[in-house]
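Remarks on the overall topology
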Amino acid sequence: MKKYIDRLLSFIIRENLHKILLVMGGLLLLGTIGMAYFEPERSWADSFWWSIVTLTTVGYGDIAPTTLPGRIIGGIIMILGIGILGMFTATIASIFVENKLKADRGMSSFDFENHIILCGWNYRAQEILNELRSDMRSESSPIILIANIESKPMDDENLYFIRGDINEENLNRANLANAKTVIILGNDAFDASARDAHVVLAALTVESLNPDVYTIVELVNEQNVPHCERANADEIIVGSKFSSRLISRAALDHGISKVLSELLTPHVGSDLSRIPVPQQHFGKSFLDVFMEMKRNQNSTVLGIYKQASGVVISNPAVDYQVVEGDQLIVISEKRAGESVKYNL
């Protein structure tokens, strides 16, 4: 509570609202004392109420001065009240407009927690945002975009924009210390070498500031993967390698690309997701869990994600023992995190 009070007081002083509030308080005090003194039949409570109604130009008419000095006091309060109240409302309006302009131009700072930071803007970034918004788990999550562009590129009330390069200052403005995931995209304006170099440098900066954040980076050249590994990036996606392997595999095994496209598109056909292992399956073999998931949930388990180490085991051995902390990578008819009930 004290933190919010301190913030409010700091805001009032920073925006010079305290001067206007002091003048308004002085007028209320003048009106209350003057009304109570020149209109003896009025109580202090009535005098204070009259001062508020008169200052705000509401004018209910339930209380009115009858003496000449009381009416003079009333006139002063009315004339000055119009100006002071106008200044107050204009100041508040200008603050909101200024904050909106600052936010759209990427000049604000944010204090979200467990949010996503998206570094870089291109057509892939727009597709990433669209995919995240189509998933229930992130459709309203705060996402902070750091990019060297003029203004916020999309009309998304939960997308927040910081204009500039991916450096320590801007990452701190995005509250990297409390972020959940950072996505670093390459700058299409650079050639492949410079683009990957900027990605590696950004990954080093992110991991040095917050080693616990989950970092996903996009590279052009597979030769730069070791550099990102040394920067401790958690997931490294080489776009050209992924595309070429997918095309070659589709040439040999027709239809493979369609299956992957369906799995990666939310709410279209089957879905690929990661879910926690139900407690009753701790200690069971992978084959037992696989069969029960297929039998009871019509879900196919593709692999195990070991949450503690971040290691992924694709197609585990049938006798692999599922333990606490493991998560299942599954194909299911619906988003597993939304609809699956673990009543196996």
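Quick note: structure is the one above.
Read on for a plain summary of the structure. Here the structure is a predicted model, which is why all the values come from computation and not from measurement.

Across its full length, the protein chain holds 12 helices and 10 strands. Considering only C-alpha atoms, the protein chain reaches an extent of 100 × 50 × 35 Å along its principal axes. Counting across all 344 residues of the protein chain, residues that qualify as buried make up 36%. Within the protein chain, counting contacts between residues at least 6 apart in sequence, those at least 24 apart form 60% of the total. Summed over its atoms, the accessible surface of the protein chain is roughly 20200 Å², and 58% of this surface lies on carbon and sulfur atoms. Here the protein chain contributes 31 positively and 41 negatively charged side chains, and the mean placements of these two sets differ by 1 Å.

Reading across from one edge, β3-β2-β1-β4-β5-β6 is the order of the 6 strands in this open sheet, with parallel pairing throughout. With one partner strand each, in any of the chains shown, β3 (159-163) and β6 (235-238) form the two edges of the open sheet. Strand after strand, the sheet turns through a mean of 15 degrees between neighbouring axes, direction not considered. Sheet topology places strand β2 (residues 143-147) next to β3; 5 bridges connect them, and they run parallel. Residue I146 lies in a different strand from β3, and its bridge partner there is I162. Contacts between helix α7 (residues 192-209) and the sheet are confined to β4 (181-184) and β5 (214-219), with β5 contributing the most and set at about 175 degrees to the helix.

This structure, assessed with the given rule, holds 8 salt bridges. With its nearest N and O atoms 3.2 Å apart, the salt bridge here joins R163 to E150. Separated by 13 residues along the polypeptide, R163 in strand β3 and E150 in the loop between β2 and β3 bring together distant segments of the chain. Its relative accessible area of 58% is what places E150 among the exposed residues. Taken together, the salt bridges that share partners define one network made up of R124, D188, R195 and E218.

Applying the stated criterion across every chain yields a total of 5 aromatic pairs. Pairing F110 with Y160 gives two aromatic rings, centres 5.3 Å apart and planes at 55 degrees, and the pair type is tilted. You can see F110 sitting in the loop between α4 (68-104) and β1 (116-119) and its partner Y160 sitting in strand β3, a full 50 residues away along the chain. A relative accessible area of 14% places F110 in the buried class. With 6.0 Å between their ring centres and 45 degrees between their planes, F286 and F290 make a pair best called tilted. Pair noted here: F286 and F290 are both in helix α11 (residues 286-297), with a separation of 4 residues, about one helical turn. Relative accessible area serves as the criterion here: at 26%, F290 is assigned to the partly exposed category. Among the aromatic residues, those joined into a ring-pair cluster are F110, F112 and Y160.

Next up on the list: the nonpolar core. Formed by 25 residues in total, the largest nonpolar core has its most connected members in I117, L176, V182, I184, V206 and V217. Contributing elements (two or more residues each) for this core: β1, β2, β4, α7, β5 and α8 (225-230). Looking at this core, the element that brings in the most residues is α7, giving 5 residues. Among all residues touching L176, those that are not within four sequence positions of it are I117, L171, V182, V206, L209, N210 and V213. Membership of the second largest hydrophobic core comes to 13 residues, among which are I143, F161, L185 and I216.

A word on the packing of helix α2 (residues 17-38) against α4. Their axes nearest at 10 Å, the elements α2 and α4 cross at an angle of 160 degrees. Here α2 lies roughly antiparallel to α4, going by the angle between them. Here α2 and α4 pass one another in a crossing that is left-handed. Its residues assigned to classes, the contact of α2 with α4 comprises 18 nonpolar, 5 polar and no charged.

A few words now on the sheet that holds strand β10 (residues 326-332). Within a beta sheet, neighbouring strands are joined by backbone hydrogen bonds and run either parallel or antiparallel to one another. Judged by pairing direction, the sheet is antiparallel, and its 4 strands sit side by side in the order β7-β10-β8-β9 without closing on themselves. The sheet terminates laterally at β7 (271-276) and β9 (311-314), the two strands that pair on one side only. The average angle at which neighbouring strand axes cross in this sheet is 25 degrees, direction not considered. Two elements, β7 and β10, share 6 bridges in a ladder whose sense is antiparallel.

Taking 1.5 Å of rise per residue, 22 residues should cover 32 Å, and α2 covers 31 Å from first to last C-alpha, within 8% of that figure. If you check which residues of α2 are buried, you get L17, I20, M24, L27, L28, G31, T32, G34, M35 and A36. For α2, the secondary structure elements touched by its buried residues are α1 (2-14), α3 (44-55) and α4.

A grouping of L30, L68, I72, I76, I79 and L80 is seen on the molecular surface, where their side chains present a nonpolar patch of about 580 Å² in accessible area. Of note, L80 is situated in helix α4.

Rules used throughout
- Residues numbered from 1 in each chain as written.
- Predicted model: local features only at pLDDT ≥ 70, side-chain atom pairs only at ≥ 80, totals over all residues.
- Heavy atoms only, no water.
- Helix = DSSP H or I, 4+ residues; strand = E, 2+ residues; numbered from the N terminus.
- Buried < 20%, exposed > 50% of the residue type's maximum accessible area, 1.4 Å probe, protein only.
- Contact = heavy atoms within 4.5 Å.
- Areas by Shrake-Rupley, 256 points an atom, 1.4 Å probe, with all protein chains shown as cover.
- Lys, Arg positive; Asp, Glu negative; His and termini not counted.
- Charge placed at Lys NZ, Arg CZ, Asp CG, Glu CD.
- Pairing = 2+ DSSP bridges.
- Axes fitted to C-alpha atoms, helices over the stretch in contact; angles between N-to-C directions.
- Salt bridge = Lys/Arg side-chain N within 4 Å of Asp/Glu carboxyl O.
- Phe/Tyr/Trp six-rings, centres within 6.5 Å; stacked < 30°, edge-to-face > 60°.
- Core = buried A, V, L, I, M, F, W, Y, C linked by side-chain atoms within 4.5 Å.
- Parallel < 35°, antiparallel > 145°, perpendicular 65-115°, else oblique.
- Left-handed = near helix turned anticlockwise from the far one by under 90°.
- Nonpolar A, V, L, I, M, F, W, Y, C, P; charged D, E, K, R; others polar.
- Expected span 1.5 Å × (residues − 1).
- Patch = residues over 30% accessible without salt bridge, like charges linked within 9 Å, V, L, I, M, F, W, Y side chains within 5 Å.

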